[in-house]
Amino acid sequence: SESQSFYISTRITIDPTLGINRSPVLNAPAFDRASRGQVFLHNPAASDADGDSLVYRLVASQHVPGGVDAVVQQTAPNVNRPQPQTTINYRFPDDPFFGSVQVPYAGPPVGQPGQAAIFRQDPRTGQIVWNAPSQVGDYNIAFVVEEWRRVPGSRPQRIGTVTRDMQITVGPNLNLRPTITVPTERCVVAGTPIEEIITATDPENNPVGLTAFGGMLPTPASFVQTQLGPPTARGVFRWTPTCADIRSEPHQVLFKAEDRPPNNCGATLIDERALSIRVLGPPPLNLRAAQSGNTAVLNWDAYSCPNPGAQMLIFRREGPGNFTPGPCETGIPASAGYTQIGTVPVGTRNFIDDRNGQGLERGKTYCYRIFVQFALPAGGQSIASQEACITLLGRSARFTNVTVDRTATAGQITVKWTKPVSSGGFTPPLGYRLFRAPGQSPAATAFVQVKTTADLNDTTFVDTGVNTLTTAYSYR
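Residues numbered from 1 in each chain as written. Predicted model: local features only at pLDDT ≥ 70, side-chain atom pairs only at ≥ 80, totals over all residues. Heavy atoms only, no water.

Caption draft 1: Representation of the sheet that holds strand E4 (residues 40–42) within the structure. Strand order in the open sheet formed by 3 strands is E4-E10-E9, with antiparallel pairing between adjacent strands. Looking at the sheet topology across the chains shown, the edges are occupied by E4 and strand E9 (118–121). Taking the axes of each pair of neighbouring strands and ignoring which way they run, one obtains an average angle of 5° across the sheet. With 3 bridges joining them, E4 and strand E10 (residues 128–131) adopt antiparallel strand pairing. Its bridge partner being in E10, Leu41 is matched across the sheet by Val129. (Pairing = 2+ DSSP bridges. Helix = DSSP H or I, 4+ residues; strand = E, 2+ residues; numbered from the N terminus. Axes fitted to C-alpha atoms, helices over the stretch in contact; angles between N-to-C directions.)

In C-alpha cells, the structure reads:
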C-alpha cells in the first residue's frame, strides 16, 4: 500500500436557491487503536453548522494512479481532474480473508460469538463497530459523510459529501477495554442549561482519561474531567444551547474513554458513546383570547426565539382539549383535535379568527393553541402554548328549512332560518347575507350572494328561477 497514492475528496453544491451552506466538520481524530480479539469502536463526531441531515456510509479506500504528477499532466477534457480508483487489492476489515470472528459485545449490534466478524457503520449516527479484529497491523478504512438539505416544497437534496480515510492500528496487547456510561439522548428547551455526568470504569482498575467531541466544543460548551479513577473516572459536560441551536436533527456529542495501563508503551484501548441532544423551541407564553363581535382576537407575549424565517402557527378546536405536551413533545398532534387556521411571522403578537369570513358561531366555545415552526434547513419546532378559550354567548342563526317548492327548469326553493340571540345585543351595522351555490358540496368560491337585509326579523327567502330539475343547491 505504501506505493499507492492517498485520495480523499469533498464535494459541494453551488446553487443560489440553497442559500448558505457549510460542509460538515468531523471533530474526532482520524486515527484510533484497537486490540486483537476485542471490539473496536469509532465515531467521527460530525457536526453541521446549518442543521443539515448527515448520512454515513462505508466505502473502499481509493487512490489515483500516478498520483498528483499524473493528474497535472492530464489534458482536455480531464485537466486537473483526478480519476480515483479503489485501492489495489483492498479488503474491508471483515473480509473472510482475515478469518476473524465476533466476540461477546452488548451492542448495538449485539455480538454473536463465533460468527463471522462484522464491520459496520450506523448510517444515522456514524458509529463504526468492528467485532472483532484478529490480526495485528495497520488498517485503513474510508467512509463518506453525505449532507442532505430539506428544501421547502420538494424532496430533500444531497448537497455535499466529505470523505474520510482513517487508520486503525491493531495491537497484540492483552489490555482490556474500559467501559463508558453515557445517557442515550436528551431534549432541552433553548436557554436551559444542560449538565451531564459521564463515567467510565476499567476492568483492570487502570486510570481512564475522558474526552469529548462535538460542534459546540470546546466552546460554548465545556467538558472537564474531575476524576481519573480507579475505581471510576468522571467528567462533567455543560452546555446552554441558544435559540440558534434549535433544529429538527439532534446535536451529537461523542464521549471517549481511554485507559492508561502502566508500562504499556501507549497500547491503550477505548470505549465511546454518543449523546444525542434535541434542542426545542420554548413555548409561546400568555396566549389570550377575547371576543370582538363574532370574532376571536388572540394575543400573546413577544416570542423569545424570533429566529429568521420562523412562523407562528395558530390552531383552533371546538371545546376545551385535554392535550398536555410531553417534556420532549413539540407541535400539536392531529389526535388532539385542533385544526390549523392561520400562520403569521414569528414577530407578530396577535391574530383575528373570523372563521374564514363566516364569523364564529354563538353558543359555542372555541379554544386555541399556538406553536412556532422554525425555518429550513435546520427546521425544528417549539413546544405548544397553553390553551386559551372563549365562549360566545347566545345562539347563531341556523337553517330550519330548505324546501324545493317546484321542480322545474325554472323552479322555486324556500329557505328559512332562525333569528340569532345575543345576551349583550348586536352592534350595528347588522343584517343577513344569504349565499347560494350549485351542488351539494360546492367550493367556497362557488357561492354567490342572493339576498341581503338589515331586518333581523326577515328570516325567509323564496329563491325563484332556479333549475331544480337537474341541479342540487347549497345555501350559506
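Additional details are given in the paragraphs that follow.
Caption draft 2: Up close: the packing of aromatic side chains. Enumeration according to the criterion identifies 11 aromatic pairs in this entry. Geometrically, the ring pair formed by Phe119 and Trp130 is edge-to-face, given 5.7 Å between the ring centres and 85° between the ring planes. Of this pair, Phe119 sits in strand E9 while Trp130 sits in strand E10; the two residues are 11 residues apart in sequence, bridging distant segments of the chain. Owing to a relative accessible area of 6%, Phe119 belongs among the buried residues under this scheme. A relative accessible area of 1% places Trp130 in the buried class. Taking the centre distance of 5.4 Å and the plane angle of 20° together, the rings of Phe315 and Phe371 count as stacked. Residue Phe315 is located in strand E23 (residues 311–318), and its partner Phe371 is located in strand E26 (residues 365–373); the two are separated by 56 residues in the primary sequence. Classification of Phe371 by relative accessible area gives buried; the value is 4%. Through successive ring pairs, a cluster of aromatic residues spans Phe40, Phe97, Phe98, Phe119, Trp130 and Tyr139. (Phe/Tyr/Trp six-rings, centres within 6.5 Å; stacked < 30°, edge-to-face > 60°. Buried < 20%, exposed > 50% of the residue type's maximum accessible area, 1.4 Å probe, protein only.)

Caption draft 3: The sheet that holds strand E21 (residues 288–292), seen in detail. In spatial order, the strands read E21-E22-E25; together these 3 strands make up an open sheet with antiparallel pairing. Strands at the two margins of the open sheet, each flanked by one partner only, are E21 and strand E25 (350–353). On average, each strand axis in the sheet is tilted by 20° relative to the strand beside it, whichever way the strands run. As paired strands, strand E22 (residues 295–299) and E25 are joined by 4 bridges and run antiparallel to one another. Across the sheet, the residue bridging to Ala296 is Asp353, located in E25.

Caption draft 4: Highlighting the state of the cysteines. The final tally for this structure, using the stated rule, is 3 disulfides. With its sulfur 2.0 Å from that of its partner, Cys243 forms a disulfide with Cys305. Taking the sign of the S-S torsion, about -70° here, the bridge from Cys243 to Cys305 comes out left-handed. You can see Cys243 sitting in the loop between strand E18 (233–239) and strand E19 (251–259) and its partner Cys305 sitting in the loop between E22 and E23, a full 62 residues away along the chain. Listing the disulfide partners of the protein chain by sequence rank of the bonded cysteines yields 1-4, 2-3, 5-6. (Disulfide = S-S within 2.5 Å.)

Caption draft 5: The pattern of salt bridges, seen in detail. Summed over the entire model, instances satisfying the criterion amount to 21 salt bridges. Asp50 serves as the salt-bridge partner of Arg22, at 2.7 Å between the closest nitrogen and oxygen. Pair noted here: Arg22 is in the loop between strand E1 (10–12) and strand E2 (25–26) and Asp50 is in the loop between strand E5 (46–47) and strand E6 (53–59), with a separation of 28 residues, a long-range link. Residue class for Asp50 comes out buried when judged on its relative accessible area of 8%. Notably, a salt bridge pairs Glu196 with Arg186, separated by 2.2 Å at the nearest N-O pair. In this pair, Glu196 is assigned in strand E15 (residues 194–201) and Arg186 in strand E14 (residues 185–189), connecting sequence segments 10 residues apart. Its relative accessible area of 29% is what places Arg186 among the partly exposed residues. Here the residues in one salt-bridge network are Glu318, Arg355, Glu361, Lys364 and Arg398, joined through shared partners. (Salt bridge = Lys/Arg side-chain N within 4 Å of Asp/Glu carboxyl O.)

Caption draft 6: Quick peek at the nonpolar core. Membership of the largest hydrophobic core comes to 45 residues, with the highest contact counts inside it found for Phe237, Phe255 and Ile277. Top element by residues in this core is E26. It accounts for 4 residues. By size, the runner-up hydrophobic cluster in this structure holds 18 residues, among which are Tyr56, Phe119, Ile141 and Val145. (Core = buried A, V, L, I, M, F, W, Y, C linked by side-chain atoms within 4.5 Å.)

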